[in-house]
Amino acid sequence: MSDPEDSNHGELILRVAVPRPLRRLFDYLPPAGQKVTRFRPGCRIKVPFGSRTLTGFVLGIARGSEIERERLKPAVAILDDDPLFHPALLELLQWSADYYHHPLGEVLASAVPASLRQGAPLYPAIDYWAAIATSEALSPRARRQRELLEFIMSRESVSRAEVREAGFNSDMLRQLENRNLLRKQTRSAAPAKAFQPLRPGGLERPALNTEQAAAVAKFQAAGDGFRCALLNGITGSGKTEVYMRLMEDELAHGRQCLVLVPEIGLTPQTVERFRQRFPLPLAVFHSGLGDGERLAAWRAAAEGSAAILIGTRSAVFAPMARPGLIVVDEEHDASFKQQEGFRYSARDLAVMRASMEGVGIVLGSATPSLESFHNAATGRFIGLELKQRAGGSAPARLLPLDISNQHLPGGLSEMALMKIAQHLEAGNQVLVFINRRGFAPILHCLLCGWMAQCEACSTCLTVHAKPPCQRCHHCDSRQQIPTRCPVCRQDDLATMGLGTQQIEGFLQKEFPATPVLRIDRDSTRGKHDFSKMLNDVARGEPALLIGTQMLAKGHHFPGITLAVIVDADGGLFSPDFRGQEQMAQLIIQVAGRAGRDSERPGEVLVQTRHAEHETLRHIIDSSYSEFAAHLLAERRAAAMPPFAHLCLLRAESRDRGAALDFLRRVRRGIESHCREKQVHLTGPLPAPMEKRQSRFRMHLLLRSQSRPGLHGVLSRLTPQLDGAPAPRELRWHIDVDPIDLL
Ligand code: ADP
Ligand code: ZN
Ligand code: ZN
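Residues numbered from 1 in each chain as written. Chains lettered and ligands numbered in written order. Predicted model: local features only at pLDDT ≥ 70, side-chain atom pairs only at ≥ 80, totals over all residues. Heavy atoms only, no water.

**A word on the overall build of the chain**
Okay, step 1: Scanning the chain from N- to C-terminus turns up 20 helices and 30 strands.
Okay, step 2: Taking the principal axes of its C-alpha atoms as reference, the chain extends roughly 95 × 70 × 60 Å.
Okay, step 3: Counting every position in the chain, which comprises 742 residues, the buried fraction comes to 54%.
Okay, step 4: Contacts in the chain between residues far apart in sequence, at least 24 positions, make up 76% of those at least 6 positions apart.
Okay, step 5: Between the averaged position of the 92 positive side-chain charges in the chain and that of its 81 negative side-chain charges there is a distance of 4 Å. (Helix = DSSP H or I, 4+ residues; strand = E, 2+ residues; numbered from the N terminus. Buried < 20%, exposed > 50% of the residue type's maximum accessible area, 1.4 Å probe, protein only. Contact = heavy atoms within 4.5 Å. Lys, Arg positive; Asp, Glu negative; His and termini not counted. Charge placed at Lys NZ, Arg CZ, Asp CG, Glu CD.)

Shown next as structure tokens:
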């Protein structure tokens, strides 16, 4: 191929994605005096944009532009010699911008640490010193200085850190420099070396049980290259051990492993387990990192010095120099779906990434999503199953407790209190699960029926006892608890329903001798609060733990023998089509915290007013897998995911009518095209939570059994939306594969 610049058909132009909500690339001339062919896709570039300068990404080089020559502007500077994204990662990002119909420039920007987004160099500039004289220049009495100079001469150049590492006082660098024996240069730090492949010989690890060994063997038998497995293993069945065994193979070949977990803050134990097992450098990615730490983790991943990359959702975009395996733990978890801005599913993108990188991927869960379940059932994924607990303990027994005709002062039935007392007396720990923080979800007037509601949201204010106030959990507004009803002016106000704080108070009174730990977002705000509580629990002394779903995720507390689910009914009548699935997952995950020690069998009490409800019966009497099969049959009959594909178009406005009108116009614009492509439209309708933060929320739902059909409509729709007349404050967005329709 000849150099494109030799030919004379028009000028070479850089195609650049800028971090703006615009669904197109922009054309630029190369920076003055630079050759276009130097610029490879994935390099950052500074470009003038309006009155500002932005950091964008080069995506390609084109011959000629549709813009007139005079109007093309030269870029300011190219920031990288080598692309920030390897080809497969860049391909993934482009694919996801298309799939989620989100502007590419924003997608690319969101995939890198903030400092890179702002144009900082990938490697910081560092000072290096080189010797320009020999040690003869120094008096023999300056022994240390001579030694340092000889050390520097033995290398091309040294950094301050290297000098210190070699045992010299780094102040001596300045002294030698002042005497003109050294020359200082500033250049960017060099990438660190790739990690040393693992030597599996010395690892301390348990022998796999038969099921685990079969799972590992089945995955390995699928060969190299892309393959995707669902590891469906009950809680405590040793899924992590299976991940680690598969990782071992890759690490021994010097290939990196990427592990995605729902929330690192909630499960610090997970990171610790990998750290303890593998004596290799590990890079952790999560939202709690500072800019510098994040950049360092990114670099370690990109250069290949980190062997294991562990992170939450956004780590699916972590670069990998030598990818070997991807693991998505608790793959059903909703936190893998980003719920604002670029609304991607990290689980789905992880599968796509594995396919583009040509590596293996394992999705693991005790309660797989119906999507993954279906993929395993139809053979798209390799199905791996662990049906027994690994440590020899039996799965906890679930016991429904009918509370329909009972008055429950603290939310707990006589039976539950009795069981709690028994388990505590036996020296065990008890988990009380209620998925609602605060004291009570409702404050109402017993005389006229008034309920305290948020002015900005269509929701009730939650009463909090610590500190006393009413709070909206959707807009975080706070106010004083009224002493009398604002409507009838009487003081017959009472709370209704229960939250963690109320149960905490109640149990403290019932069991004064036992430590009561409440674990929810309010009690764990401080950076170290949560890990301190986890450590307290891990000590294993008798204790009562009261918690929200923060406690349901993946923890391994051998001391817990009893879990009490205070109210299982919440999900039974959820308006969301995933309500039943999510409730089953939550109950099973909570139940999975009990009885993890083989010596002490576990029990789970499920309080309900609907003990005969089909869903509850399924969860209690059969396995999750059977229940999932049952739900899948329902989804098939209703033509809902995974048998159909959804896209939710949401519009929000301060003016209810404007949001509704906007979606009505959108609907009229695409109706005939939808009919043609067999895309079914529902709405516009008010969202189940119609008002939030003073904005009215309206939905238009698109559903189709054909993904290409749906995406065909969306591709036609987005340009229309971008240009549609609407009040300036109206916001809209597209949510492809929404996980909740609320
Ligand atoms: P899961 O991730 O499936 O919930 P874990 O990986 O946390 O399960 O395993 C539960 C417990 O069983 C852990 O304490 C783990 O160390 C132990 N375990 C796992 N596999 C084995 C094995 N093959 N032999 C002995 N103990 C095991
Ligand atoms: Zn009243
Ligand atoms: Zn509110």
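**So, the sheet that holds strand β8 (residues 182-188)**
Okay, step 1: Within the open sheet, the 3 strands sit side by side as β7-β6-β8. Their pairing is antiparallel. Of all strands in the sheet, those bounded by a partner on one side alone are β7 (158-159) and β8.
Okay, step 2: In this structure, strand β6 (residues 125-131) lies alongside β8, joined through 7 bridges in antiparallel fashion. Paired with I126 across the two strands is R187, which belongs to β8. (Pairing = 2+ DSSP bridges.)

**A few points about the state of the cysteines**
Okay, step 1: Summed over the entire model, instances satisfying the criterion amount to 0 disulfides.
Okay, step 2: In this structure C228 is a free cysteine whose sulfur lies 15 Å from that of C257, the closest cysteine sulfur available.
Okay, step 3: By relative accessible area, which is 3% here, C228 ends up buried. (Disulfide = S-S within 2.5 Å.)

**A closer look at empty space enclosed by the protein**
Okay, step 1: Using the criterion set out here, one finds 1 cavity of 30 Å³ or more in the structure.
Okay, step 2: Lining the largest cavity, in full, are P19, R44, T55, F57, A109, L116 and R117.
Okay, step 3: When residues of the lining of the largest cavity are traced back to their parent elements, those giving at least two are β4 (52-63) and α3 (114-117).
Okay, step 4: Classifying every residue of the lining of the largest cavity gives 4 nonpolar, 1 polar and 2 charged. (1 Å grid on protein atoms, 1.4 Å probe; cavity = no way out; pocket = protein on both sides within 12 Å on 5 of 7 lines; lining within 4 Å. Points joined across faces, edges and corners; volume = space filled by probe spheres on them. Nonpolar A, V, L, I, M, F, W, Y, C, P; charged D, E, K, R; others polar.)

**Some words on unusual backbone geometry**
Okay, step 1: In this structure, P467 follows K466 across a cis peptide bond, with omega equal to -10°.
Okay, step 2: Locating P467 in the fold gives a position in the loop between β19 (462-465) and β20 (468-471).
Okay, step 3: A cis amide bond links P641 with the next residue in sequence, P642, at an omega value of 5°.
Okay, step 4: Assignment of secondary structure puts P642 in the loop between α18 (624-638) and β27 (645-653).
Okay, step 5: Within the chain, E330 stands out as a residue other than glycine whose phi angle is a positive 55°.
Okay, step 6: You can see E330 is positioned in the loop between β13 (323-329) and α11 (346-357).
Okay, step 7: Of note in this structure, Q693 is not a glycine but carries a positive phi near 45°.
Okay, step 8: On the secondary structure map, Q693 appears in the loop between β28 (679-692) and β29 (695-704).
Okay, step 9: Given the relative accessible area of 44%, Q693 is considered partly exposed.

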